[in-house]
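Remarks on the overall topology
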Amino acid sequence: QVQLVESGGGLVQAGDSLRLSCAASGGTLSSYAMGWFRQAPGKERRFVAGIRWGGSRTDYADSVKGRFTISRDNRKNTVYLQMNSLKPEDTAVYHCAASDGVVVTPTANYWGQGTQVTVSS
């Protein structure tokens, strides 16, 4: 059973940066497609960024392209989300997810509990 634990969230101002981390235990992240989803209050959980099984190809939601970067360190069994130029609309709980297969999907096999990111204007 893979367990995912996110960290790195917090309260920042618009234009600031944060780096989220997702550490895994009970499994090897290199065996999965990994990704980040976010859920704002009263809204559905939405895809933010994904890194495909194999680690070389990444995908991003249009709203974060050019500002967020997803990466993975297989030696540390950790996935990261570097978030730059944060905007108030980025405020949400950010969840890490792991999927069997090539790409991460909303029906991912494993989910973390989430970390809160709040961006003030």
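None of the values given here were measured: they were computed from a predicted structure. (Residues numbered from 1 in each chain as written. Predicted model: local features only at pLDDT ≥ 70, side-chain atom pairs only at ≥ 80, totals over all residues. Heavy atoms only, no water.)

1. Re the nonpolar core
Note the following rule: Take the buried Ala, Val, Leu, Ile, Met, Phe, Trp, Tyr and Cys residues and link them wherever side-chain atoms come within 4.5 Å; each set so joined is a nonpolar core. Categorising residues by exposure relies on relative accessible area from a 1.4 Å probe, with only protein chains included: less than 20% of the type maximum marks a residue as buried, more than 50% marks it as exposed, and the intermediate range marks it as partly exposed. Secondary structure follows DSSP: runs of H or I at least 4 residues long count as helices, runs of E at least 2 residues long count as strands, and numbering of each begins at the N terminus. In this description, contact between two residues means that some pair of their heavy atoms is separated by no more than 4.5 Å.
By size, the foremost hydrophobic cluster in this structure holds 30 residues, and its most contacted members are L4, M34, W36, L81, M83 and Y94. Secondary-structure elements contributing two or more residues to this core are β3 (18–25), β4 (33–39), β5 (46–51), β7 (68–73), β8 (78–83), β9 (92–99) and β11 (115–120). The residues touching L4, leaving out its near neighbours within four places in the chain, are C22, A23, A24, L29, M34, C96, A97, A98, Y110, W111, G112 and Q113. Counting residues in hydrophobic clusters, the runner-up holds 5 residues, among them A33, A97, V104 and A108.

2. Let's talk about unusual backbone geometry
Non-glycine residue N77 carries a positive phi angle of around 55 degrees. By the element assignment, N77 lies in the loop between β7 and β8. We classify N77 as buried; its relative accessible area is 15%. Even without being a glycine, S85 presents a positive backbone phi close to 50 degrees. With respect to the helices, strands and loops of the structure, S85 is situated in the loop between β8 and β9.

3. Looking at the state of the cysteines
Covalently bonding the sulfur atom of one cysteine to the sulfur atom of another cysteine gives a disulfide. Put simply, the test is: The disulfide criterion is simple: two cysteine sulfur atoms within 2.5 Å.
The full count for this structure, using the stated rule, is 1 disulfide. A disulfide bridge connects C22 with C96, and the sulfur atoms are separated by 2.1 Å. Between C22 and C96 the disulfide shows an S-S torsion of about -80 degrees. By sign, it is left-handed. One end of the pair, C22, is in strand β3; the other, C96, is in strand β9, and 74 residues separate them in sequence.

4. Here we look at the pattern of salt bridges
What counts, and what does not: Any carboxyl oxygen of Asp or Glu within 4 Å of a side-chain nitrogen of Lys or Arg constitutes a salt bridge here.
This model, assessed by the stated rule, comprises 5 salt bridges. Two residues, R38 and D90, come together in a salt bridge whose shortest N-O distance is 2.9 Å. Remark: D90 occurs in the loop between β8 and β9 and R38 occurs in strand β4; sequence separation between them is 52 residues. Classification of D90 by relative accessible area gives buried; the value is 0%. The salt bridge partner of R67 is D90, with a shortest N-O separation of 2.8 Å. Note that R67 is positioned in the loop between β6 (58–60) and β7 and D90 in the loop between β8 and β9, a separation of 23 residues in sequence. Overlapping salt bridges bring together R38, R67 and D90 as one network.

5. Looking at the sheet that holds β3
Two modes of strand pairing occur in sheets, parallel and antiparallel, and in both the strands are linked by backbone hydrogen bonds. Selection rule: For two strands to count as paired, DSSP must find a minimum of two bridges between them. Interaxial angle, 0 to 180 degrees, is taken between N-to-C directions of lines fitted to C-alpha atoms, where a helix line uses only the stretch in contact.
The strand order across the open sheet formed by 4 strands is β1-β3-β8-β7, and the pairing between neighbours is antiparallel. Single-partner strands in this sheet number two, and they are β1 (3–7) and β7. Direction aside, neighbouring strands of the sheet carry axes that sit 15 degrees apart on average. Taken together, the 6 bridges between β3 and β8 define a ladder with antiparallel strand orientation.

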